[in-house]
Amino acid sequence: MLYPSIDSLMDKLDSKYTLVTVSAKRAREIREDSSRGPLVNRPKAHKPVGMALEEILEEHLRFERITPVEEE
């Protein structure tokens, strides 16, 4: 069984595309900058993507979709 499950992650975000985008950007931050390490205490995952998914599950990361403003 994979942890965290895709079903539990989909409750936090609106689409799989958003999940992939948010987790990939956060995983890159974790990998490239050691001072911005995982926000989760004692993560189960050893890889940055897994750590990012755990952060989403525990609501350390949030995503807000911004709607574009229509021009007059």
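Bear in mind that the values here come from a model prediction, so they are computed numbers and not experimental data. (Residues numbered from 1 in each chain as written. Predicted model: local features only at pLDDT ≥ 70, side-chain atom pairs only at ≥ 80, totals over all residues. Heavy atoms only, no water.)

(A) Examining the overall build of the protein chain more closely. Helices and strands together make up the secondary structure of the protein chain, namely three helices and zero strands. Secondary structure elements of the protein chain occur, N-terminal to C-terminal, as α-α-α. The principal-axis extents of the C-alpha atoms in the protein chain amount to approximately 50 × 30 × 15 Å. Residues classed as buried in the protein chain amount to 28% of the 72 residues present. A sequence separation of at least 24 residues applies to 46% of the contacts in the protein chain between residues at least 6 apart. As displayed, the protein chain has an accessible area near 6100 Å², and 51% of this comes from carbon and sulfur atoms. In the protein chain, 12 positive and 14 negative side-chain charges are present, and the distance between their average locations comes to 9 Å. (Helix = DSSP H or I, 4+ residues; strand = E, 2+ residues; numbered from the N terminus. Buried < 20%, exposed > 50% of the residue type's maximum accessible area, 1.4 Å probe, protein only. Contact = heavy atoms within 4.5 Å. Areas by Shrake-Rupley, 256 points an atom, 1.4 Å probe, with all protein chains shown as cover. Lys, Arg positive; Asp, Glu negative; His and termini not counted. Charge placed at Lys NZ, Arg CZ, Asp CG, Glu CD.)

(B) Spotlight on the environment of glycine 37. Note on placement: glycine 37 falls in the loop between α2 (16–32) and α3 (48–57). Distance in space between the C-alpha atoms of glycine 37 and alanine 52 is 10.0 Å, their sequence separation being 15 residues. Setting aside chain neighbours within four positions, we find glycine 37 in contact with Arg26, Ile30 and Glu55.

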